[in-house]
Amino acid sequence: MAKYEIQNQIRRLRFDHHEMTQQELANLTGVSRQTIVAIENGKYSPTLELAFAIARIFNVTLDQVFTSVEKEK
Amino acid sequence: MAYKEKQSLITILIYILGIGSYLGYILTRDPVQYNDSKFWASTMLIFIGILIVMTIVILVAFHIAYEVIYTVKNEKGQIDDVVDEMEKLISLKSVRNGGIVSSVAILFAPVLVLFDVSLIWVLNVVYIGFFVAAIFEECSKLYFYRRGIRNG
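Thresholds, definitions, all that
- For every chain, the first residue of the written sequence is number 1, and numbering continues from 1 along that sequence.
- To read the labels, note that chains go from A and ligands from 1, taken in the order they are written.
- With pLDDT at 70 or above as the cut-off, local features in this predicted model cover only qualifying residues; side-chain atom pairs require 80 or more to be listed or tallied, and sums for whole chains, interfaces and linings still use all residues.
- For side-chain calculations, the full set of non-hydrogen atoms in the structure is used, while hydrogens and water are omitted.
- Two rings from Phe, Tyr or Trp (for Trp, the six-membered ring) form a pair when their centres sit within 6.5 Å of each other. Planes less than 30 degrees apart are called stacked, planes more than 60 degrees apart edge-to-face, and all others tilted.
- Secondary structure elements are defined from DSSP: runs of H or I of at least 4 residues count as helices, runs of E of at least 2 residues count as strands, and each element is numbered from the N terminus.
- Burial classification: accessible surface area is computed with a 1.4 Å probe over protein chains only, and a residue below 20% of its type maximum counts as buried, one above 50% as exposed, and the rest as partly exposed.
- Only Lys NZ and Arg CZ are tested; either one counts as a charge over a ring when it is within 6 Å of the ring centre and within 35 degrees of the ring normal.
- A cavity here means a set of 1 Å grid points, computed over protein atoms only, where a 1.4 Å probe fits but cannot escape. A pocket is an open set with protein on both sides within 12 Å along at least 5 of 7 lines, and lining residues have an atom within 4 Å of a point.
- Grid points are joined across faces, edges and corners, and a volume is the space filled by probe spheres set on the points.
- Put simply, Ala, Val, Leu, Ile, Met, Phe, Trp, Tyr, Cys and Pro go in the nonpolar bin, Asp, Glu, Lys and Arg in the charged bin, and everything else, Gly too, in the polar bin.
- By nonpolar core we mean a set of buried residues, namely Ala, Val, Leu, Ile, Met, Phe, Trp, Tyr and Cys, connected to one another through side-chain atoms within 4.5 Å.
- A contact between two residues is defined here by any heavy atoms of the two lying within 4.5 Å.
- Whenever a carboxyl oxygen of Asp or Glu lies within 4 Å of a side-chain nitrogen of Lys or Arg, that contact is scored as a salt bridge.
- Buried area is a sum: the accessible area each of two parts loses on coming together, probed at 1.4 Å, counted once for each and added.
- What qualifies as a polar contact is a pair of N or O atoms within 3.5 Å, subject to a donor-acceptor requirement within protein and to the restriction that residues adjacent in sequence count only when both atoms come from side chains.
- Per residue, pLDDT measures the predictor's confidence, with a range of 0 to 100.

S.K.: For this particular structure, what's the right way to read the packing of aromatic side chains?
M.R.: Working definition: an aromatic ring pair is given by the centre-to-centre distance plus the angle between the planes. All names here are of chain B. Taken as a whole, this structure holds 13 aromatic pairs over all chains when the rule is applied. Residues Tyr 22 and Phe 47 carry aromatic rings whose centres are separated by 5.4 Å and whose planes lie at 85 degrees to one another, so their mutual orientation is edge-to-face. Highlighted residues: Tyr 22 in helix 1 (residues 3–27) and Phe 47 in helix 2 (residues 37–72), separated in sequence by 25 residues. Across the pair, exposure class does not vary: Tyr 22 and Phe 47 are buried alike. With centroids separated by 5.1 Å and ring planes inclined at 70 degrees, the aromatic side chains of Phe 39 and Trp 40 adopt a geometry described as edge-to-face. Here the guanidinium or amino end of Arg 29 rests over the ring plane of Tyr 25, the centre of that ring lying 4.1 Å away.

See below:
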């Protein structure tokens, strides 16, 4: 079975939104900056609630923030 | 290093200090006292009490010091002490890892009885096992903070 990893566009979206800082995004979503850093670096996959909250802040759909990509072998 | 990583590191140091001082105390006692079960009960309870109080005091002092330094440096934002979903997941997995270590210590105890080790030392193995489990739990937290954590 193919393995998938979740990639995200948070860094680009932050940049597009007046260079929003990780701390600002963390405050808006109610999580710690450490969690935002982990998500951005692909070290943590957020719950659906948090994923939707992030998408809502950037005013985009979920698949514009997170994509599931097949892992390279 | 983030606030929570430093907090875990300090907790590990407190526990190591706790084990060290406990071992230092019991190994320098008169061996005659070793047969007195009340000596062991009181020593263990007193050390647990001291450790709990010490942990609370040091972590509160650390938080205050961190906040002061943060304000003096005039850094933007706030201290990252939010307990969010990732923090909860890390705590859950770390507690599980700590639980595995304490289970091993508890299972190891009857093995020592088979080898005719005194029950007092078996009790000590279990007691120290809990300390080691607590240290392992904090080390797990540090590991997950550094390496990330996956759901499932």
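S.K.: What should I look at first to understand the layout of surface pockets in this one?
M.R.: The method is simple in principle: a probe with the dimensions of a water molecule rolls over the atoms, and the space it marks as empty is what remains. Residues and elements named next belong to chain B. By volume, the second largest pocket amounts to about 180 Å³. Taken together, 13 residues form the lining of the second largest pocket, with Lys 4, Gln 7, Val 83, Glu 87 and Tyr 145 sitting closest to its centre. Elements with a minimum of two residues in the lining of the second largest pocket: helix 1, helix 3 (85–114) and helix 4 (119–147). When the residues that make up the lining of the second largest pocket are grouped by side-chain class, the tally is three nonpolar, four polar and six charged.

S.K.: Any chance you could explain the nonpolar core here in plain terms?
M.R.: Most often, soluble globular proteins keep nonpolar side chains buried together rather than apart. Within the largest apolar cluster, 23 residues are counted, with the highest numbers of intra-cluster contacts made by Ile10(A) and Ile54(A). Counting residues per element, the ones that place at least two in this core are helix 1 (10–16), helix 2 (22–29), helix 3 (33–40) and helix 4 (48–58) of chain A together with helix 3 and helix 4 of chain B. The residues touching Ile54(A), leaving out its near neighbours within four places in the chain, are Ile10(A), Thr29(A), Ile39(A), Val65(A) and Phe66(A). Counting 18 residues, the second largest nonpolar core, distinct from the first, contains Ile14(B), Tyr34(B), Met44(B) and Phe47(B).

S.K.: I keep staring at the pattern of salt bridges and nothing clicks. Help me out?
M.R.: Opposite charge on two side chains permits them to pair, given that their charged atoms come into close proximity. Residues and elements named next belong to chain B. Applying the stated criterion across every chain yields a total of six salt bridges over all chains. As a salt-bridge pair, Lys 141 and Glu 138 come within 3.7 Å of each other at their nearest N and O atoms. Here the residue Lys 141 and the residue Glu 138 both occupy positions in helix 4, the gap between them amounting to three residues, near one helical turn. In this structure Lys 141 comes out as buried when scored by relative accessible area, which is 14%. Among the residues examined, Glu 138 registers a relative accessible area of 8% and is labelled buried.

S.K.: Before we go on, may I ask you to explain helix 4 of chain A in this structure?
M.R.: An α-helical segment advances 3.6 residues per turn. Residues three or four places apart therefore align on the same side. Listed in full, the buried residues belonging to helix 4 of chain A are Leu50(A), Ala51(A), Ala53(A), Ile54(A), Ala55(A) and Phe58(A). The inward-facing, buried residues of helix 4 of chain A abut helix 1, helix 2, helix 3, helix 5 (62–65) and strand 2 (66–70) of chain A together with helix 3 of chain B. Trailing helix 4 of chain A by a residue or two, Asn59(A) shows a phi angle of about 60 degrees, which is positive.

S.K.: I'm lost on the interface of chain B and chain A in this one. Help?
M.R.: By convention, interface size is frequently given as the accessible area that disappears when the constituent parts associate. Listed by partner, the interface residues are 18 residues for chain B and 16 residues for chain A. The junction of chain B with chain A conceals about 1400 Å² of combined surface from both sides, 42% of it contributed by carbon and sulfur atoms. Taken as a group, Asp80(B), Glu85(B) and Met86(B) account for 38% of the area that chain B buries against chain A, more than any other trio of residues on that side. Applying the counting criterion to the chain B and chain A interface returns zero salt bridges. In this assembly, chain B and chain A are joined by seven residue pairs in polar contact (both at pLDDT 80 or more). Contributions of two or more residues to the side of chain B that touches chain A are made by helix 1, helix 3 and helix 4 of chain B. For the side of chain B that touches chain A, a count of residues per class yields six nonpolar, four polar and eight charged.

S.K.: When you look at the confidence of the model for chain B in this model, what are you seeing that I'm missing?
M.R.: Residues and elements named next belong to chain B. Per-residue pLDDT for chain B has a mean of 89; in total, 95% of the residues score no lower than 70. Ranking the elements of chain B by mean pLDDT puts helix 2 last, at 90, and helix 3 first, at 94. Note on the complex model: pTM 0.85, ipTM 0.84.

S.K.: For this particular structure, what's the right way to read the side chain of Ser102(B)?
M.R.: Residue and element names in this part refer to chain B. Mapping Ser 102 onto the fold places it in helix 3. The exposure class of Ser 102 is buried, given its relative accessible area of 12%. Only 3.1 Å separates the side chain of Ser 102 from the backbone oxygen of Gly 99, close enough to count as a polar contact. Apart from residues no more than four positions distant in its own chain, Ser 102 is found in contact with Phe 130 and Ala 133.

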